[in-house]
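Take a look at the letters that make up each chain.
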Protein chains: 2
Amino acid sequence: MSGAAEPGADPRLAAAADWFGGLQLRIVAAMEGLEREFGDVDPPREPGRFAIEPWSRTDAGGAPGGGGRMAMLRGRLFEKMGAHCSTVFGAFPPEFAKDIPGAAADPRFWAAGVSVIAHPWSPHVPTVHMNVRLVRTTKLWFGGGADLTPMLDARRVESDPDAVLFHAAMRAACARHPGVADADRFEAWCDEYFFLRHRNERRGIGGIFFDHLNSAGDSDNSAFDADFAFVRDVGDSFIAVYSDIVRRNASQPWSLREREEQCVRRGRYVEFNLLYDRGTIFGLKTGGNIASILSSMPPEARWP
Amino acid sequence: MSGAAEPGADPRLAAAADWFGGLQLRIVAAMEGLEREFGDVDPPREPGRFAIEPWSRTDAGGAPGGGGRMAMLRGRLFEKMGAHCSTVFGAFPPEFAKDIPGAAADPRFWAAGVSVIAHPWSPHVPTVHMNVRLVRTTKLWFGGGADLTPMLDARRVESDPDAVLFHAAMRAACARHPGVADADRFEAWCDEYFFLRHRNERRGIGGIFFDHLNSAGDSDNSAFDADFAFVRDVGDSFIAVYSDIVRRNASQPWSLREREEQCVRRGRYVEFNLLYDRGTIFGLKTGGNIASILSSMPPEARWP
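Quick caveat, the model's predicted, so the values are computed rather than measured.

**Some remarks on the overall build of chain A**
So, step 1. Counting its regular elements, chain A contains eight helices and 10 strands.
So, step 2. Relative to the globule expectation of 19 Å for 304 residues, the C-alpha radius of gyration of chain A, 19 Å, shows essentially globular dimensions.
So, step 3. In terms of principal-axis extent, the alpha carbons of chain A reach across some 55 × 40 × 40 Å.
So, step 4. Here the analysis covers contacts within chain A between residues at least 6 apart in sequence; of these, 67% occur between residues at least 24 apart.

This is the structure in C-alpha cells:
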C-alpha cells in the first residue's frame, strides 16, 4: 500500500475527505433552511442554527490522530440533530486490528466520513440516519448507507408515502451506478443490520447499507472513481429525499399521545445504539469522542 | 452434586426460593405503604399498587424451565418500580456454560432470586437497585448487593445524609456476619462494577456487591446457613434503609430544572444497563423475558 500512514501520497483520499467536509456543510445548510421554512410549527422559537465545533484526537502514544467538525442543531423543527465529519488516522490497537480488513499485519489506518442523525420534535417526521465513509488500511473501501425510522406504528409500513419515497431515492442512487451498487443486496443488508434481535423487530423501515465496497477488488481499488461517484450520490440523494419527507410532514399537528409513542420508539433507538451498533460500541470502548459518539442519542426517550 | 437438575433433592434451595418469594412480597407491601403515606406529593393520584404477573419459561428443547412473579408499580411517589422474583432451571447453552463456575462439564443449573429497581418521580429521592440470588451448578453460591443512585449532582457525594445512611446500613449488615461478609471488599466491588468506563464516572454512590459467595468453599457449601443469613440481612436492611431515605426526601418540592437533571442522570443509568450490566446483556442475548429484563429502564430519560 502507498499507505495508511502516508495518506498524502494518495490524492484520492484528500479528495474524498474534502468532499465529505463539503457534504457536511451542505447538510447543515439544507437543515437550517428547513428550520427557517417551518416557522409555523413553533412560532415563539427562533429557527435553529448548528453549533459547529472542531475537535482533534491523539492517537495511541500521543501522536497526532486527526480530528473533525461536530455540528449540533437544537431547533424548532429538529429537537436534536448531529451532522459530523471527521478525518482520523493512526494505528489500531492490536485487539481491534485483527478484526479489521487489511489491518492484521499492518495496523495503520486512515478514515474519513460524515455521519448524520436527526431527531425531529414532531412524531410525524421520521428520524433519519446517514453515514458515508472511506477507510484505508492495506485495503481501501467505502462504506455507509441511509435508513429511515418513522416514529408512529401506523406509519412504519412499506406502503407509507415516506417509506416509498425513501426506498425509491436509495434504489435510484444504486441504479445510477450499475456494477458498483446492488440495491437488493444493500437493502437486505440494511434490514439485517438495523434489527433488534431481543425484540425481533426492525429499527425502522430500512434503506441501504454497504461496507467494504471496492468494486475492483484490488488493494488500491482501480475502480475508486466509480465507487466514489456512488457514495456521492448517496449523500446527495439523502439531502434531497429527507428534505422532501420533512416538508411533507412538518406542518401536521400532533397530540401528546403521539409524542409519547415517539418517545417509546426512541427508546428502541437507544437500545439499538447501545446494544448492537458497532460504531457506537467501538467508539465508546476505544476512548473515542464521547460527545460525538453519543450525540446520536435521542433528546428524550421513554420506557413507560 | 446432588444436582442442578434435581433441586428437590436439596431442601436448602427450596427454603431460599421460598424466602426470596416472601422478600418480594414484603418489598411490595413496604413500597405500597410509602405510596399511601405520601399522598401530599401528588394528591390527585391514587396511591400506586403493584401489578403482579406470573410468568413461566421454557428451557432449551422445550423442557419446563421455571418462572417467576413480575411486580410493577406505577404510582405517585414511584414513577416506575419493578420488584421481581424468579426460580429458573435447565441447562446453559454451551457458549455460556463455559463462563459460569461449575457449569463447563455439566451445564445444568438452578437459580432463584429477587431483583428490585425503583425510579421515583422526585429528583430528590434516589434511585435504588437491590438483587439477591442463589445459584446452583456443580457449585453453589449466593450473589447480590444493593446500590444507591442519587439523581442530583449536589447529592452524589459521600457526605450526603442519604449516602451516609445507605453505606451505614450495608456495612452494618456485613458486620453482623463476620467470616461471611467483608464490607470493605464488597464496597470496593460495588464501586468497580457500577462504573461507566466511557465516562470515567460512577453510576451512583455505591453500596455493596458480592458474587460467588460460598464461605465453606466446598461444592455443597457446608456454611450455607451462615451465608444465607447474611443474604437475608441484606434484603431486610435494604427495605429498612431505603424506606427511611424515601421518607426523608419525598415531601421536598422540586423544580423543572431538577427534573431535567434527573432525566439526564437516568440516561447514564440506561447507558450502564445496556453497555455493561452482565445480567441485562446476558438476559437479552439468551432470549430471556424482555419485559422483566428491561423493566429496569427508567420511564423517562434525556440526552439533551
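**A short note on the sheet that holds strand S3 (residues 78-91) of chain A**
Across a sheet, paired strands are connected by hydrogen bonds in the backbone, their directions being either parallel or antiparallel.
Residues and elements named next belong to chain A.
So, step 1. Here we have seven strands laid out as an open sheet, ordered S1-S2-S3-S4-S5-S6-S9, and antiparallel in their pairing. Two strands bound the open sheet, and with one partner strand each, they are strand S1 (50-58) and strand S9 (206-213). On average, each strand axis in the sheet is tilted by 10° relative to the strand beside it, whichever way the strands run.
So, step 2. Across six bridges, strand S2 (residues 64-73) lies against S3 in antiparallel orientation. Residue methionine 72 lies in a different strand from S3, and its bridge partner there is glycine 82.
So, step 3. Where helix H4 (residues 183-193) meets the sheet, its contacts fall on strand S6 (140-149) and S9, and the angle it forms with S9 comes to roughly 100°.

**Brief notes about the sheet that holds strand S1 (residues 50-58) of chain B**
Residue and element names in this part refer to chain B.
So, step 1. Taken in spatial order, the seven strands of this open sheet run S1-S2-S3-S4-S5-S6-S9, and their pairing is antiparallel. Bordering the open sheet on either side are S1 and strand S9 (206-213), each of which pairs with just one other strand. On average, adjacent strands in this sheet sit at an angle of 10° to one another, irrespective of strand direction.
So, step 2. Sheet topology note: the strand S6 (residues 140-149)/S9 ladder contains six bridges and is antiparallel. Counterpart to alanine 146 in the pairing with S9 is isoleucine 208.

**Structural notes on H4 of chain A**
Residues and elements named next belong to chain A.
So, step 1. Residues Ala183, Phe186, Glu187, Cys190 and Tyr193 constitute the buried set of H4. Taken end-on, H4 shows its buried residues confined to a sector of 130°, consistent with a single buried face. The outward face of H4, more than 90 degrees from its buried face, is lined by the exposed residues Asp184 and Glu192.
So, step 2. For H4, the side-chain oxygen to backbone nitrogen distance between the N-cap and aspartate 184 is 3.2 Å, and the N-cap itself is aspartate 182.

**Topic: the relation of the copies chain B and chain A**
So, step 1. Overlay of chain B on chain A (RMSD 0.0 Å): rotation 180°, translation along the axis 0.0 Å. Here the copies are linked by what is in effect a two-fold axis.
So, step 2. Of the residues that chain B buries at the interface, 100% are likewise interface residues in chain A, meaning the two copies contact each other through the same surface.

**Focus on the packing of aromatic side chains**
Aromatic ring pairs are reported here in terms of the distance separating the ring centres and the angle at which the planes meet.
So, step 1. Overall, the coordinates contain 38 aromatic pairs over all chains when judged by the stated rule.
So, step 2. Geometrically, the ring pair formed by phenylalanine 272 of chain A and tyrosine 276 of chain A is tilted, given 5.9 Å between the ring centres and 40° between the ring planes.
So, step 3. A network of ring pairs unites the aromatic residues Phe186, Trp189, Tyr193, Phe194, Phe209, Phe210, Phe230, Phe272 and Tyr276 of chain A as a single cluster.
So, step 4. Directly above the aromatic system of phenylalanine 224 of chain B lies the positively charged group of arginine 12 of chain B, at a separation of 4.8 Å from the ring centroid.

**Focus: the interface of chain B and chain A**
So, step 1. Listed by partner, the interface residues are 22 residues for chain B and 22 residues for chain A.
So, step 2. Carbon and sulfur atoms supply 62% of the area that chain B and chain A bury against each other, a total of about 2000 Å² over both sides.
So, step 3. Here chain B and chain A share two salt bridges between them.
So, step 4. Note that glutamate 300 of chain B is salt-bridged to arginine 302 of chain A, the shortest N-O span being 3.4 Å.
So, step 5. Linking chain B with chain A are nine residue pairs in polar contact (both at pLDDT 80 or more), by the criterion used here.
So, step 6. When contributions to the side of chain B that touches chain A are tallied by element, the ones reaching two or more residues are strand S3 (78-91), helix H6 (256-275), helix H7 (278-285) and strand S10 (300-302) of chain B.
So, step 7. Looking at which element gives the most residues to the side of chain B that touches chain A, the answer is H6 of chain B, with four residues.
So, step 8. Residue classes in the side of chain B that touches chain A are distributed as 13 nonpolar, one polar and eight charged.

**Looking at the environment of arginine 171 of chain B**
Residues and elements named next belong to chain B.
So, step 1. Counting through the fold element by element, arginine 171 comes out in helix H3 (residues 161-175).
So, step 2. Look at arginine 171 and you get partly exposed, because its relative accessible area is 34%.
So, step 3. The contact partners of arginine 171, leaving out residues within four places of it in the chain, are Ala183, Asp184 and Glu187.

**Thoughts on the packing of H3 of chain B against helix H5 (residues 224-249) of chain B**
All names here are of chain B.
So, step 1. One way to put it is that H3 packs onto H5 with a least axis distance of 9 Å and a crossing angle of 165°. In terms of orientation, H3 and H5 fall into the roughly antiparallel class. As for the relative orientation of H3 and H5, their crossing is right-handed in sense. For the pair H3 and H5, the contacting residues are Asp162, Leu165, Phe166, Ala169, Met170, Ala173 and Cys174 in the first and Phe230, Asp233, Val234, Ser237, Phe238, Val241, Asp244, Ile245, Arg248 and Asn249 in the second.
So, step 2. For the contact of H3 with H5, the residue count by class is 11 nonpolar, two polar and four charged.

**Some thoughts on unusual backbone geometry**
So, step 1. Within the chain, asparagine 221 of chain A stands out as a residue other than glycine whose phi angle is a positive 50°.
So, step 2. Owing to a relative accessible area of 0%, asparagine 221 of chain A belongs among the buried residues under this scheme.

**Overview of H3 of chain B**
Residues spaced three or four apart along an α-helix point in a common direction, a consequence of the helix completing one turn every 3.6 residues.
Residue and element names in this part refer to chain B.
So, step 1. Across its 15 residues, H3 extends 21 Å between first and last C-alpha, which sits within 8% of the 21 Å expected from 1.5 Å per residue.
So, step 2. Considered for burial, the residues of H3 that qualify are Asp162, Ala163, Phe166, His167, Ala169, Met170, Ala173 and Cys174. The buried residues of H3 all sit within an arc of 160° when viewed along its axis, so they share a single face.

Reading guide: rules and limits
- Residues numbered from 1 in each chain as written.
- Chains lettered and ligands numbered in written order.
- Predicted model: local features only at pLDDT ≥ 70, side-chain atom pairs only at ≥ 80, totals over all residues.
- Heavy atoms only, no water.
- Helix = DSSP H or I, 4+ residues; strand = E, 2+ residues; numbered from the N terminus.
- Rg over C-alpha atoms; globule rule 2.2 N^0.38 Å.
- Contact = heavy atoms within 4.5 Å.
- Pairing = 2+ DSSP bridges.
- Axes fitted to C-alpha atoms, helices over the stretch in contact; angles between N-to-C directions.
- Buried < 20%, exposed > 50% of the residue type's maximum accessible area, 1.4 Å probe, protein only.
- Arc of directions from axis to C-beta.
- Polar contact = N/O pair within 3.5 Å; in protein donor to acceptor, adjacent residues only side chain to side chain.
- Least-squares fit on C-alpha atoms with pLDDT ≥ 70 in both.
- Phe/Tyr/Trp six-rings, centres within 6.5 Å; stacked < 30°, edge-to-face > 60°.
- Lys NZ or Arg CZ within 6 Å of the ring centre and 35° of its normal.
- Buried area = accessible area lost by both parts, 1.4 Å probe.
- Salt bridge = Lys/Arg side-chain N within 4 Å of Asp/Glu carboxyl O.
- Nonpolar A, V, L, I, M, F, W, Y, C, P; charged D, E, K, R; others polar.
- Parallel < 35°, antiparallel > 145°, perpendicular 65-115°, else oblique.
- Left-handed = near helix turned anticlockwise from the far one by under 90°.
- Expected span 1.5 Å × (residues − 1).

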